[in-house]
Amino acid sequence: MLSDREVMKAYCQAVGHPWPYADETADSVWLYGVTFNIETGQIEVVKAYERTQAAT
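Residues numbered from 1 in each chain as written. Predicted model: local features only at pLDDT ≥ 70, side-chain atom pairs only at ≥ 80, totals over all residues. Heavy atoms only, no water.

Can you tell me about the overall build of the protein chain, naming the residues and giving the values?
Helix and strand counts for the protein chain stand at 1 helix and 2 strands. For the protein chain, with 56 residues in total, the buried portion stands at 18%. Pairs at least 24 residues apart make up 29% of the contacts formed inside the protein chain by residues separated by at least 6 positions. Carbon and sulfur atoms provide 53% of the accessible area of the protein chain, an area that totals close to 4,600 Å². (Helix = DSSP H or I, 4+ residues; strand = E, 2+ residues; numbered from the N terminus. Buried < 20%, exposed > 50% of the residue type's maximum accessible area, 1.4 Å probe, protein only. Contact = heavy atoms within 4.5 Å. Areas by Shrake-Rupley, 256 points an atom, 1.4 Å probe, with all protein chains shown as cover.)

Requested: an account of helix α1 (residues 4–15), with residues and values cited.
Between its first and last C-alpha atoms α1 spans 16 Å; for 12 residues at 1.5 Å apiece the expected length is 16 Å, and the two agree. One or two steps after α1, the chain reaches Gly-16, where phi turns positive at roughly 80°. (Expected span 1.5 Å × (residues − 1).)

Please give an account of the pairing of strand β2 (residues 43–50) that cites residues and values.
Two elements, strand β1 (residues 29–36) and β2, share 7 bridges in a ladder whose sense is antiparallel. From the neighbouring strand, Tyr-32 faces β2, where its bridge partner is Ala-48. As consecutive antiparallel partners, β1 and β2 are separated by 6 residues, and within that stretch Gly-41 has a phi angle of approximately 75°, a positive value. (Pairing = 2+ DSSP bridges.)

Could you give me a rundown of the packing of aromatic side chains, with the residues and numbers involved?
The tally for this structure, following the rule as stated, stands at 1 aromatic pair. Their ring planes at 45° and their centres at 5.8 Å tell us that Trp-19 and Tyr-32 sit as a pair that is tilted. Highlighted residues: Trp-19 in the loop between α1 and β1 and Tyr-32 in strand β1, separated in sequence by 13 residues. By the burial criterion, Trp-19 is buried, and Tyr-32 matches it. Above the plane of the ring of Trp-19 lies Lys-9, whose end atom (NZ or CZ) is 5.5 Å from the centre. Here the guanidinium or amino end of Arg-51 rests over the ring plane of Trp-30, the centre of that ring lying 4.8 Å away. (Phe/Tyr/Trp six-rings, centres within 6.5 Å; stacked < 30°, edge-to-face > 60°. Lys NZ or Arg CZ within 6 Å of the ring centre and 35° of its normal.)

Put into structure tokens, the structure is as follows:
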């Protein structure tokens, strides 16, 4: 089974967008997002969201 990171790396490569996170091996990325232009249907950006501790 592929990891989320491997799936998203393959997806980014397939659609021609750069990998959205500077650290290739970051385990703190917990969510990926893809934004697109609703009028053209073209992908605008692929995003990675990092899990961090909440400030107390």
